[in-house]
Amino acid sequence: MNQKTALITGVTGQDGSYLAELLVAKGYAVHGIVRRSSVPHTERIAALLAGRDRPARITLHHADLSDANSLRHVIDQVAPDEVYNLAAQSHVRVSFDQPEYTVDVTGTGVLRLLEAIRNYAAHTRREVRLYQAGSSEMFGSAAPPQSETTRFQPRSPYACAKVYAHYQVVNYRESYGMYACNGILFNHESPRRGENFVTRKITRAAARIKLGLQSRLALGNLDARRDWGYAGDYVEAMWRIMQHPTPQDFVIATGITISIRDFLALAFEHAGLDWRAHVDTDARLYRPAEVDELQGDYRKAAAELGWSPRTSVAELARMMVDSDLRLAQHEAATGVVSGQGPE
Ligand code: NAP
Ligand code: G4F
């Protein structure tokens, strides 16, 4: 049987790490793009890299979405059957502080990748499939529930960049017949979620407060509502989208929406705490414009891909708190605190 080759941009991120594990388990040759940094960001994929007694199960390449030459070079070298573009400046609040950078990486970066794939496919006469990591943030102020036919009303530089990328993917599909598709994913979390996203900030704090390592948690808007799923379930949907006979766009969600306040209650209760005794609201953590309510209608994915979410938000909160309790125990024992940075 012919082994398929996949290239993942953003392989060091939350989704990239779960997707790499999934594709390795499915027998793919998996390659990932990493950008240069002063220390490697490979903690999430450490189990897939070479260890004392085992060879690496994925291959890493230096490239950057802001550098078209590096993308062309990696695609020529890897000769992928499937490219999963998960790389992005993915933090909405940060996109207000760094709008130009965010648009360059999260928006124009997708155009660079599309061009690199188009050129490669033209001179090799091979089909290369592209998955683009679209976002429910693109719906912005559109009333819930949101589906593939809901009009985008973006509310941040990040969301505007994702809308641009979405339409370039549609444009390349229609103009050049490329197999290119958008997954419009609603928020998805896990123990590997970055520590400055709200769910992880909450579960980290609940665990650290429980162990006496911190006493207060500062948050912004507690009224926003999100449709939270588990990243492990969502990478399965990405793969299914790419196996569909025709390239299409799909909403991936749970259909259940709860507020930040509700998530706080789930997480703190699981840690045996009352969140009201520990949380402060801080005006600096509010955004210039907020997305009030996201709730996805994933019926198309259920019908066409046979996909549905397997993990409830309550299970997700428990999984994250349990993992963060183990991390906090390690911190208590060693005195080393991980993941500190601006909010
Ligand atoms: P994440 O944890 O923030 O990971 C982002 C990845 O992109 C990291 O590997 C990061 O590398 C890489 N990256 C950033 N800038 C880059 C650049 N200039 N060139 C190459 N790589 C770069 O994000 P995630 O939660 O896994 O999300 C994956 C994708 O799905 C993103 O595109 C995000 O916008 C989108 N999305 C996420 C969600 C969600 O709820 N998680 C929902 C909808 C859409 P470093 O490790 O070096 O920082
Ligand atoms: O966890 P968040 O930062 O995620 P947000 O903005 O929904 O974006 C995430 O999901 C998108 C999909 O819809 C992805 F495309 C994107 O890449 C990212 O993964 O914030 C969630 C909500 C917001 O309403 C925010 O205002 O939580 C509110 N919030 C309240 N206090 C906070 C905080 N968010 C953060 N990050 N930090 C706070 O202290």
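Residues numbered from 1 in each chain as written. Chains lettered and ligands numbered in written order. Predicted model: local features only at pLDDT ≥ 70, side-chain atom pairs only at ≥ 80, totals over all residues. Heavy atoms only, no water.

Considerations on the packing of aromatic side chains
Here is the rule we go by: In this analysis, rings of Phe, Tyr and Trp, with Trp reduced to its six-membered ring, are considered paired at centre separations within 6.5 Å, and the interplanar angle assigns stacked below 30 degrees, edge-to-face beyond 60, and tilted for intermediate values. Helix numbering and strand numbering both begin at the N terminus, where a helix is a DSSP run of H or I of at least 4 residues and a strand a DSSP run of E of at least 2. Only Lys NZ and Arg CZ are tested; either one counts as a charge over a ring when it is within 6 Å of the ring centre and within 35 degrees of the ring normal.
A complete count under the given rule lists 9 aromatic pairs for this structure. Seen from their ring centres, Tyr-234 and Trp-307 are 5.5 Å apart, and the 90° between their planes marks the pair as edge-to-face. Here Tyr-234 is found in helix H7 (residues 231-243), whereas its partner Trp-307 is found in the loop between helix H9 (299-305) and helix H10 (313-334), with 73 residues between them in sequence. Members of the aromatic cluster, joined through ring pairs, are Phe-139, Phe-152, Tyr-167 and Phe-186. Against the face of Tyr-176 rests Arg-118, its NZ or CZ located 4.3 Å from the ring centre.

Some remarks on the site of ligand 1
Selection rule: In these notes, residues near a molecule or strand are those with any non-hydrogen atom within 4 Å of it. For the purposes of these results, a polar contact is taken to be a pair of N or O atoms within 3.5 Å, where, inside protein, one atom must be able to donate a hydrogen and its partner to accept one; residues adjacent in sequence count only when each atom of the pair is a side-chain atom.
Inspection of the region around ligand 1 gives 24 residues, with Thr-12, Arg-35, Asp-64, Ser-90 and Tyr-158 positioned closest. Gly-10 places a main-chain nitrogen or oxygen 3.4 Å from an oxygen atom of ligand 1. Here an oxygen atom of ligand 1 sits 3.3 Å away from a polar atom, N or O, in the main chain of Ala-88. Those elements that place two or more of their residues in the shell around ligand 1 are helix H1 (14-25), strand S5 (129-135) and helix H5 (157-176). Counting residues per element, the shell around ligand 1 draws most heavily on S5, at 3 residues.

Description of the pattern of salt bridges
Our working definition: Any Lys or Arg side-chain nitrogen located within 4 Å of an Asp or Glu carboxyl oxygen qualifies as a salt bridge. Whether a residue is buried, partly exposed or exposed follows from its accessible area with a 1.4 Å probe, protein chains only, as a fraction of its type maximum: under 20%, in between, or over 50%, in that order.
A complete count under the given rule lists 23 salt bridges for this structure. For Arg-126, the salt bridge goes to Asp-81, with nearest N and O atoms at 2.8 Å. Of this pair, Arg-126 sits in the loop between helix H4 (99-124) and S5 while Asp-81 sits in the loop between helix H2 (68-78) and strand S4 (82-85), placing them 45 residues apart in sequence. The exposure class of Arg-126 is partly exposed, given its relative accessible area of 27%. Residues participating in the shared-partner salt-bridge network are Glu-195, Arg-200, Arg-204, Arg-208, Asp-324 and Glu-331.

Side note on the site of ligand 2
Formally: Surface accessibility follows the Shrake-Rupley procedure with a 1.4 Å probe radius. Residue values consider only the protein chains on display as shielding. The nonpolar class holds Ala, Val, Leu, Ile, Met, Phe, Trp, Tyr, Cys and Pro. Asp, Glu, Lys and Arg form the charged class, and all remaining residues, Gly among them, are polar. Domain delimitation in this document rests on an assignment produced automatically or drawn from a domain database.
Taken together, 23 residues lie around ligand 2, and Ser-135, Ser-136, Tyr-158, Arg-287 and Glu-290 are the ones closest in. At 2.6 Å from an oxygen atom of ligand 2 is found a side-chain nitrogen or oxygen belonging to Ser-136. A distance of 2.5 Å is found between an oxygen atom of ligand 2 and a side-chain nitrogen or oxygen belonging to Arg-287. In the complex, the protein chains occlude 95% of the 710 Å² of accessible area that ligand 2 would expose alone. The residue makeup of the shell around ligand 2, split by class, is 9 nonpolar, 8 polar and 6 charged. In this structure, the shell around ligand 2 is formed jointly by two domains, domain 1 (5-189 + 230-252) and domain 2 (198-226 + 256-291 + 312-334), each of which donates at least three residues.

Notes on unusual backbone geometry
Glycine aside, negative phi is the norm for most residues, and most peptide bonds take the trans geometry. The step from Pro-144 to Pro-145 runs through a cis peptide bond, and the omega angle for that step is -5°. Relative to the elements of secondary structure, Pro-145 occurs in the loop between S5 and H5. Phi at Arg-125 is positive, roughly 55°, even though this residue is not glycine. Among the secondary structure elements, Arg-125 is positioned in the loop between H4 and S5.

Remarks on the domain arrangement of the chain
Going by this rule: Residue contacts are defined here by distance: any two heavy atoms, one from each residue, within 4.5 Å place the two residues in contact. The quantity reported as buried area is the accessible area (1.4 Å probe) lost by two parts once they are put together, taken as the sum for both.
By the assigned domains, the chain splits into domain 1 (5-189 + 230-252) and domain 2 (198-226 + 256-291 + 312-334). Distance from the C-alpha centre of domain 1 to the C-alpha centre of domain 2: 28 Å. Taken together, the contact pairs 10 residues of domain 1 with 12 residues of domain 2. Interface area for domain 1 against domain 2, summed over the two sides, is near 1000 Å², with a carbon-plus-sulfur share of 61%. Together, Arg-93, Arg-155 and Glu-189 form the three largest contributors to the area buried by domain 1 at its contact with domain 2, with a combined 48%.

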